[in-house]
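Residue-level structural notes
In case you want the letters, here they are:
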Amino acid sequence: MGRSQLKQYPEYTESPYDLDAVMKSQLRRGGKDKELTDHKTGEVLVFKEKVEYMEIQVDALRYIKLYMSSLQDIAMLTEPGKKLLFYLMSKVKPNVLEVIVNVDEFLDWAKYKPNPAGTRSKTHYYRGIKELLDKDYIARKKYYGNIFYINVNRFFNGDRIKAKSILKKQQAKREKES
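Scope of this entry: the structure provided in the associated data block. Keep in mind it's a predicted model, so treat the numbers as computed, not measured.

1. A word on the environment of Phe106
With respect to the helices and strands, the residue Phe106 is situated in helix H3 (residues 103–109). A relative accessible area of 0% places Phe106 in the buried class. For the pair Phe106 and Tyr53, spaced 53 residues apart in sequence, the C-alpha to C-alpha distance is 43 Å. Setting aside residues no more than four positions away along its own chain, Phe106 makes contact with Pro80, Lys83, Leu84, Tyr87, Tyr112 and Tyr125.

Take a look at the structure:
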């Protein structure tokens, strides 16, 4: 039987949630060979760097950064737009600026059911894509119908400083080719 009133839910004096996915891990540092050359004799001495093990805490759960400036805009998206955006967020890989969209996979993920004839309309997909393009969440990649660039100022998985260096490299490559 479900709860019908707010007061039927328990209250806590501290958070009941544990960070189960935060765990300890070992990080190995050092252990590389270092060479030192005696310029008078030409003798090369090889030293092994000391190996250190550090215990660090890591978060094993996948995550995505969603920027505060996008929250209200996301609330205003239509259902197909929200579902597609959340699907894209689930597909974005760390420090990658583009995402591959598989229409049938999206329709499965979003739980869009087949019609009585057993086929599925792609209308929801196209509505979602159009809305995300219109609202500047994604941009089309030239020559690829199912690959889109993500707007890293809306959401991202990784370090935007690395993303900026990736963008600079792409721009330098384009300028070199021109």
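2. Focus: the pattern of salt bridges
Applying the stated criterion across every chain yields a total of seven salt bridges. For Asp108, the salt bridge is made with Arg120, and the minimal N-O distance between the two is 2.5 Å. Here Arg120 lies in the loop between H3 and helix H4 (123–134) and Asp108 lies in helix H3, a separation of 12 residues in the sequence. Measuring nitrogen to oxygen at the nearest pair gives 3.5 Å for the salt bridge that ties Lys135 to Glu131. In this structure Lys135 comes out as partly exposed when scored by relative accessible area, which is 33%.

3. A few points about the packing of aromatic side chains
Evaluation of the coordinates by the stated rule reveals five aromatic pairs. Judged by centre distance (6.2 Å) and plane angle (55 degrees), the rings of Phe106 and Tyr125 are tilted. Remark: Tyr125 occurs in helix H4 and Phe106 occurs in helix H3; sequence separation between them is 19 residues. You can call Tyr125 buried: its relative accessible area is 4%. Pairwise contacts between aromatic rings join Tyr87, Phe106, Trp109, Tyr112, Tyr125 and Tyr126 into one cluster.

4. Describing the packing of helix H2 (residues 79–91) against H4
Between H2 and H4, the shortest axis-to-axis distance is 8 Å and the interhelical angle comes to 80 degrees. Overall, the two elements H2 and H4 adopt an arrangement that is roughly perpendicular. Along its contact with H2, which presents Pro80, Gly81, Leu84, Leu85 and Leu88, the element H4 presents His124, Tyr125, Arg127, Gly128, Ile129, Glu131 and Leu132. Here the contact of H2 with H4 is composed, by residue class, of seven nonpolar, three polar and two charged.

About the criteria used
Residues numbered from 1 in each chain as written. Predicted model: local features only at pLDDT ≥ 70, side-chain atom pairs only at ≥ 80, totals over all residues. Heavy atoms only, no water. Helix = DSSP H or I, 4+ residues; strand = E, 2+ residues; numbered from the N terminus. Buried < 20%, exposed > 50% of the residue type's maximum accessible area, 1.4 Å probe, protein only. Contact = heavy atoms within 4.5 Å. Salt bridge = Lys/Arg side-chain N within 4 Å of Asp/Glu carboxyl O. Phe/Tyr/Trp six-rings, centres within 6.5 Å; stacked < 30°, edge-to-face > 60°. Axes fitted to C-alpha atoms, helices over the stretch in contact; angles between N-to-C directions. Parallel < 35°, antiparallel > 145°, perpendicular 65-115°, else oblique. Nonpolar A, V, L, I, M, F, W, Y, C, P; charged D, E, K, R; others polar.

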